[in-house]
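Structure assessment
Listed below are the residues making up each chain.
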Amino acid sequence: DEFYSDKAIKDNKKMLYLESIEEQVSFVENLGKGNEDKIIAYILKDLENLPNLISVMKTSWKKGDNPTFDKAVLAPLKKDFPDLYQTIILGRNLVWLPRIKAMAATPEVEFILVGAAHIAGENGLLAMLKKQGFLVQNQ
């Protein structure tokens, strides 16, 4: 995010956001509310696997291999923390979708940057846009 933000500032590009800072803080603040102990235990248990997971995430993201990213990152989140997945991934994607569609309807060309977890999977932005009739291509 910082790389693209700095680049936009340097190139004097206009920046818009899919959500406010307050909304982002609220997501973090309420992350796992009511399941704090379970989430901490899950994270601590998974620390050994973290380097491997990050490697898989990075490799699949670079290759545009959304099925692998979905299987490694999103499937476990959906299985172990469905409410969290609903809030931080699906809920945000559903809010962002009309905003992205509105951008696509303008003559300007926008560069839309979201986290990789928002792109992959059946509820990812790419799948949602494709269902709405947009042409989605991996480059």
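Let me sum up the structure you'll find in this document. Just so we're clear, the structure is a prediction, and the values are computed from it rather than from any experiment. (Residues numbered from 1 in each chain as written. Predicted model: local features only at pLDDT ≥ 70, side-chain atom pairs only at ≥ 80, totals over all residues. Heavy atoms only, no water.)

**Examining the side chain of Arg 92**
As a reminder of what qualifies: The numbering of helices and of strands both runs from the N terminus, where a helix is a DSSP run of H or I of at least 4 residues and a strand a run of E of at least 2. Buried, partly exposed and exposed residues are distinguished by accessible area as a fraction of the type maximum, computed with a 1.4 Å probe on protein chains only: under 20%, between the cut-offs, and over 50%, respectively. Contacts described as polar in this section are N or O atom pairs within 3.5 Å, which, within protein, must combine one atom able to donate a hydrogen with one able to accept it, while residues neighboring in sequence count only if both atoms come from side chains. Pairs of residues are marked as contacts when any of their non-hydrogen atoms sit within 4.5 Å.
Examined against the element boundaries, Arg 92 turns out to sit in helix 6 (residues 82-104). Classification of Arg 92 as buried rests on a relative accessible area of 15%. Of the polar contacts made by the side chain of Arg 92, one reaches the backbone oxygen of Ile 88; its length is 3.3 Å. Excluding residues within four positions of it along the chain, Arg 92 makes contact with Glu 19, Phe 27, Thr 87 and His 118.

**A few points about a nonpolar patch on the surface**
Quick reminder of the rule: In this analysis, a patch consists of residues with relative accessible area above 30% that form no salt bridge, clustered at 9 Å for like charges and at 5 Å for the nonpolar side chains Val, Leu, Ile, Met, Phe, Trp and Tyr. Residue burial considers only the protein chains on display, and all accessible areas are found by Shrake-Rupley using a 1.4 Å probe. Salt bridges are counted wherever a side-chain nitrogen of Lys or Arg sits within 4 Å of a carboxyl oxygen of Asp or Glu.
A grouping of Ile 40, Ile 43, Leu 44, Leu 47, Leu 50 and Ile 54 is seen on the molecular surface, where their side chains present a nonpolar patch of about 550 Å² in accessible area. Listing elements by their share of the nonpolar patch, those giving two or more residues are helix 3 (36-46) and helix 4 (50-63). Ranked by residues supplied to the nonpolar patch, first place goes to helix 3 with three residues. Within the secondary structure, Ile 40 is located in helix 3.

**Thoughts on the pattern of salt bridges**
In the structure shown here, the tally under the stated rule is four salt bridges. Of the charged contacts, one joins Glu 19 and Arg 92 as a salt bridge, the two residues approaching to 2.4 Å between their closest N and O atoms. Taken as a pair, Glu 19 in the loop between helix 1 (2-10) and helix 2 (21-29) and Arg 92 in helix 6 lie far apart in primary sequence, 73 residues in all. Assigned by exposure class, Glu 19 and Arg 92 land together as buried. The shortest N-O distance in the salt bridge between Lys 79 and Asp 80 comes to 3.3 Å. Overall, Lys 79 belongs to the exposed group, its relative accessible area being 67%.

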